[in-house]
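Okay, here's what each chain looks like letter by letter:
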Amino acid sequence: MKKQKQNKAKLKQLILMLGESCTNIEWSKLNNLLYKIDMEAYAQLGNSITGSTYVHVESGFMVKNFDTILDEMMAEGRIHLEFVEKEKPKKAKKNLPSK
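Residues numbered from 1 in each chain as written. Predicted model: local features only at pLDDT ≥ 70, side-chain atom pairs only at ≥ 80, totals over all residues. Heavy atoms only, no water.

Turning to the side chain of Asn-31, a few remarks are in order. Looking at the secondary structure, you find Asn-31 in helix H2 (residues 27-45). If near-sequence neighbours (up to four positions away) are discounted, Asn-31 is found in contact with Tyr-54, Phe-61, Met-62, Val-63 and Phe-66. (Helix = DSSP H or I, 4+ residues; strand = E, 2+ residues; numbered from the N terminus. Contact = heavy atoms within 4.5 Å.)

Structural data, given as structure tokens:
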């Protein structure tokens, strides 16, 4: 894969488009969608849309400078982020027969 310079304008526009079509989207889901879109574009066109570099994280793939991009978009007034703490799933209790 040839090295392509990141196009921040296209990345920001793609983030906005995905945010409009998927309300309350989680970071991991957003990053995985960005990755899939870029990889599909690369497969079909020979270049990704955003030119972003992705790193592998526990939840999939993430744009290398994702936090910086979001900070810029918030400073520009283009997005509003709300941090919501997710509840941990409750573990099922096993009913063991008493001896």
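Text resumes after the structure shown.
As defined by bridge partners, strand E1 (residues 54-57) adjoins strand E2 (residues 60-63) across four bridges and the pair is classed as antiparallel. Along E2, the bridge assignment pairs Tyr-54 with Val-63. The turn joining E1 and E2, which pair antiparallel and follow one another in sequence, is formed by two residues. (Pairing = 2+ DSSP bridges.)

A full pass over the atoms with the stated rule returns three aromatic pairs. Ring centres of Tyr-35 and Tyr-54 lie 5.2 Å apart, and the angle between their planes is 80°; on these two criteria the pair is classed as edge-to-face. Of the two residues, Tyr-35 sits in helix H2 while Tyr-54 sits in strand E1, which places them 19 residues apart along the sequence. Under the relative-accessibility criterion, Tyr-35 is labelled partly exposed at 22%. Their ring planes at 10° and their centres at 3.9 Å tell us that Tyr-35 and Phe-61 sit as a pair that is stacked. One end of the pair, Tyr-35, is in helix H2; the other, Phe-61, is in strand E2, with 26 residues separating them in the sequence. A residue is classified by how much of its surface remains accessible, and Phe-61, at 27% relative accessible area, is partly exposed. Among the aromatic residues, ring-to-ring pairing joins Tyr-35, Tyr-54 and Phe-61 into one connected group. (Phe/Tyr/Trp six-rings, centres within 6.5 Å; stacked < 30°, edge-to-face > 60°. Buried < 20%, exposed > 50% of the residue type's maximum accessible area, 1.4 Å probe, protein only.)

With that settled, consider the pattern of salt bridges. A complete count under the given rule lists four salt bridges for this structure. The closest approach of N and O atoms between Lys-8 and Glu-72, which form a salt bridge, is 3.1 Å. Of this pair, Lys-8 sits in helix H1 (residues 8-21) while Glu-72 sits in helix H3 (residues 66-75), and the two are 64 residues apart along the sequence. Taking the shortest distance from any N to any O, the salt bridge between Glu-72 and Lys-12 comes out at 2.9 Å. Taken together, the residues span a long stretch of sequence, with Glu-72 in helix H3 and Lys-12 in helix H1 at a distance of 60 residues. (Salt bridge = Lys/Arg side-chain N within 4 Å of Asp/Glu carboxyl O.)

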